[in-house]
Structures are given as C-alpha cells and as structure tokens.
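Secondary and tertiary structure notes
What follows is the residue order along each chain.
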Amino acid sequence: MSSKNGVPFRQNLVGSWNYGAKCPYSMDADSVTIHETDNNAPADNEIRYMIGNTAQVSYHVAIDEKEAVQGIPFDRNSWNAGDGGSGHGNRKSISFEICRNYDPTRGTTNISGTQLEQYKKAKANAIKVIAQVMLEQGIPANVNTVKSHYDRSGKNCPSKMRNDGDWTDFRDAVIAEYNRLKNGSSGGGSTDGSASAAIKVGENVKVVGNLFADADGKGASSKSRGKSAKIDKLATGKKKPYHLTGLGWAAASDLSSPNAKTVTIDSLNVYTSQSLSSAIVKTANGYRILKKGTKVKVTGTLKGQSVHGSTSWSEVDGWGWVPSVYLM
Ligand SMILES: [Zn+2]
C-alpha cells in the first residue's frame, strides 16, 4: 500500500471508456477545490460509484478516516465545481471529497458518536493528503489556490465545515501543512516516492528525443540527445513544456527520468503486493498485464518474494507491483 504524507493512498481510476462523461479534457491544474460528500459512505464507495456511472459528476480523490482513493487522473479535468464547462474549478483544479460529514438518515451535518470520529479523522487525513498532492503537482498552497466548492460557484459545500464555521481554519491548515512539507520538516513526505510520477521542476532527466528552441516546438534539434540536465522551469499549457537548464525545451516523451523503466518480458502481471501468489491488479476490462517494451515509472520499491534470485519489487505507475528483475 502506498501512502501520501502518512495516509494510505490508492488508485481506482475511471476506465478510459468513461472519460467522455467524467474527465473529457486534459488538465494542468493550478489549484484545488474542496468538498464534503454530504453522505456517510466511505471513500471506496464514493469512488466506485462515481467511476461506474455516466453522470457528468466527478472528483479526483475521496478521503475517509482510513484512506484516500483517487478516481480521476490528476492530468484530466473533473466535473466537480458547478462553475461551468470552462470554469476554473472544473478545468484547472484537482478536486477532493471529504467523506462522512452528513447523516442522510437524519438529514443533518450535526453528527455524533462513531460517525463524528470518522469525520474528524477524514478531515485530518484530508489536510495531509491535499498538501502532499499540491506539493507533488507543483501547485503552491495559498488562499488563492485552496478553494472550496462554495468559492467556485456558491454551493453550500463543504457543508459541515461551513455550518460549523471552520472552513477558513481548514484551508489555513492545508496551507500550513504544505509549507511544512515544502520546508522539508521531518515526519512528512511521500513514502512511495510518487513525487517522481510526473516530471517536475528540479528533477534531473536525460534527453532521449529532440530539444526545441521554444516551448511551442520550434527549432527542433537532436544534438543534445544523451545529455542529462535539470528541469529548471515549466511552461504550462505548451506543447514542449519542460525547460532543461542551458539546453532548451522538451516534451515528456523527449525525456527519460531515472525512474523510467521498460518491461523486458513478453507479458508481465502487475500484482497487488510483493508476491507472485498475490492477486493481479484489475482494470476496467480485465487485468493489468504489461507487454514487453511498455514504458513505466517506478513509484516505489520494496523487498518481497524472491524472483530469479532477487527480492526487489517495483511499484509501477502507482498501479501495483512487479519483480524488479523484469524491468530495465
Ligand atoms: Zn461540493
């Protein structure tokens, strides 16, 4: 199980068959939008329900007292904010749902007992996860980037925080946690190394394709192929968004990061844990099985069952685990 800032985190991503309803647009987020589910169900249910229907309602991550589950890729939009087809919340923000805030049987956010404890923990988990995701996605946390559903379109959401009068405390706690993580205090961080899942400013990369004179893709040149350099800036919304110090501009496909690997056997099962006897990860229409030559990113490593003399297992693209001996 991977985690974000100490909170168990997993993906149950919407199948591409349902992108049209749930996340039709690619997205480069510059902010987040916070919600509460107005329900008492756990995160797992909220995500499974959301990705399985074809309503134009979606959100990236649901968080409860024990885990966070991602249903929409962070580089695609979600229909969360009620601010229209080109609204900032719908098209430029990563959306988070905090679970357990409402008792549907009584129709109230005035909850108590077990549910209140679940809600409080879900909220504490949300602060940690949202701050970590913002850091990983290169989104600075401040009052202009941490927004509520209410801020986007006037809906009474997150309804319990608004009813209790503590939305601004929550927002400020996310910002404080982001600053704590960014300043490198101990105790935080992503235990699965998923900060490397996308190329980011500051990362060292190797040039495997062309570089360009500008971020629009003019002036292609192959003369830097094989060189390594650091990403020093990002031109969001451009075709060749990554700038390599002293060299030029590139697309992700022109670059290779140290965590990029290639599958070396004909058919590689992705397992739910570090053992050949664990379950194979399911996808929307079968199992996660990678063909030879598939490029993956290693998002974590752990020791597990010995395979061909090696106990090293790699988590690939956050999906699940493969013996590291089958990656090159
Ligand atoms: Zn909402």
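Residues numbered from 1 in each chain as written. Predicted model: local features only at pLDDT ≥ 70, side-chain atom pairs only at ≥ 80, totals over all residues. Heavy atoms only, no water.

1. Quick word on the coordination of the zinc ion
The coordination sphere of the zinc ion contains the protein donors His 35 (ND1), His 149 (ND1) and Cys 157 (SG), at a distance range of 2.0 to 2.3 Å. Positions of the donor residues of the zinc ion along the chain correspond to the pattern H-x113-H-x7-C. Side by side, His 149 and Cys 157 carry an identical accessibility label, which is buried. (Donors = N, O, S within 2.8 Å, 3.2 Å for Na, K, Ca; no water. Buried < 20%, exposed > 50% of the residue type's maximum accessible area, 1.4 Å probe, protein only.)

2. Brief notes about the side chain of Thr 108
Relative to the helices and strands, Thr 108 resides in the loop between strand S6 (93–98) and helix H4 (113–136). Within the local environment of Thr 108, its side chain forms a polar contact with the backbone nitrogen of Asn 110, the two atoms lying 2.8 Å apart. When near neighbours in sequence (up to four residues on either side) are disregarded, Thr 108 contacts Tyr 102 and Asp 103. (Helix = DSSP H or I, 4+ residues; strand = E, 2+ residues; numbered from the N terminus. Polar contact = N/O pair within 3.5 Å; in protein donor to acceptor, adjacent residues only side chain to side chain. Contact = heavy atoms within 4.5 Å.)

3. Some words on the pattern of salt bridges
Enumeration over the complete set of coordinates arrives at 12 salt bridges. Among the salt bridges present, the one from Lys 160 reaches Asp 164, with a minimum N-O distance of 2.9 Å. With Lys 160 and Asp 164 both in helix H6 (residues 159–164), this residue pair falls four residues apart, about one helical turn. Accessibility expressed as a relative area gives 42% for Asp 164, which makes it partly exposed. (Salt bridge = Lys/Arg side-chain N within 4 Å of Asp/Glu carboxyl O.)

4. Let's talk about the pairing of strand S20 (residues 320–323)
On S20, burial covers both faces: Gly 320 and Val 322 on one face and Trp 321 and Pro 323 on the other are all buried. Relative to S20, strand S19 (residues 310–316) runs antiparallel, the two being bridged by four bridges. Bridging across to S20, Trp 313 finds its partner in Pro 323. Two successive antiparallel strands, S19 and S20, enclose a turn made up of three residues, where Asp 317 displays a positive phi of approximately 50°. (Pairing = 2+ DSSP bridges.)

5. Focus on the sheet that holds S20
In space, the four strands of this open sheet follow the order S13-S18-S19-S20, with antiparallel pairing throughout. Each of the sheet's edge strands pairs with one partner strand only, and the pair in question is strand S13 (260–262) and S20. Strand-to-strand twist of the sheet, defined as the mean angle between neighbouring strand axes without regard to direction, takes the value 45°. Direction of pairing for S13 relative to strand S18 (residues 295–307): antiparallel, over a ladder of three bridges. Residue pairing in the sheet places Lys 261 in a bridge with Val 296 of S18. (Axes fitted to C-alpha atoms, helices over the stretch in contact; angles between N-to-C directions.)

6. Digging into helix H2 (residues 43–52)
For H2, every residue scored as buried is listed here: Ala 43, Glu 46, Ile 47, Met 50 and Ile 51. All buried residues of H2 project into a common sector of 115° when viewed along the axis, lining one side. Exposed residues lying more than 90 degrees from the buried face of H2 are Tyr 49 and Gly 52. (Arc of directions from axis to C-beta.)

7. Quick notes on the domain arrangement of the protein
Along its sequence, the protein is organised into domain 1 (2–182), domain 2 (204–256) and domain 3 (260–326). The straight-line distance from the C-alpha centre of domain 1 to that of domain 2 is 33 Å. (Domains from an automatic or database assignment.)

8. A look at the packing of aromatic side chains
Scanning the model with the defined rule gives three aromatic pairs in all. Here Tyr 25 and Trp 79 contribute two aromatic rings whose centre-to-centre distance is 6.1 Å and whose plane-to-plane angle is 85°, an arrangement assigned as edge-to-face. With Tyr 25 in the loop between helix H1 (19–22) and strand S3 (31–36) and Trp 79 in the loop between strand S5 (68–70) and helix H3 (88–92), this pair connects stretches of sequence that are 54 residues apart. Overall, Trp 79 belongs to the buried group, its relative accessible area being 15%. Lying over the aromatic face of Phe 9, Lys 4 brings its terminal NZ or CZ to 4.6 Å of the ring centre. Positioned above the aromatic ring of Tyr 25 is the side chain of Arg 91, whose terminal nitrogen or guanidinium carbon lies 3.6 Å from the ring centre. (Phe/Tyr/Trp six-rings, centres within 6.5 Å; stacked < 30°, edge-to-face > 60°. Lys NZ or Arg CZ within 6 Å of the ring centre and 35° of its normal.)

9. Quick word on helix H7 (residues 167–182)
Between its first and last C-alpha atoms H7 spans 23 Å; for 16 residues at 1.5 Å apiece the expected length is 22 Å, and the two agree. Turning to H7, its buried residues are Trp 167, Phe 170, Arg 171, Val 174, Ile 175, Glu 177, Tyr 178 and Leu 181. Burial along H7 is one-sided: seen end-on, the buried residues are contained in an arc of 160°. Tucked inside the fold, the buried residues of H7 contact S3, S6, H4, strand S7 (146–148), helix H5 (149–153) and H6. (Expected span 1.5 Å × (residues − 1).)

10. Points about the environment of Thr 37
Within the secondary structure layout, Thr 37 lies in the loop between S3 and H2. On the basis of relative accessibility, which here comes to 16%, the residue Thr 37 falls in the buried class. For the pair Thr 37 and Gly 87, spaced 50 residues apart in sequence, the C-alpha to C-alpha distance is 21 Å. When sequence neighbours within four positions are dropped, the list of residues in contact with Thr 37 reads Glu 46, Glu 97, Ile 98, Cys 99, Arg 100 and Asn 101.

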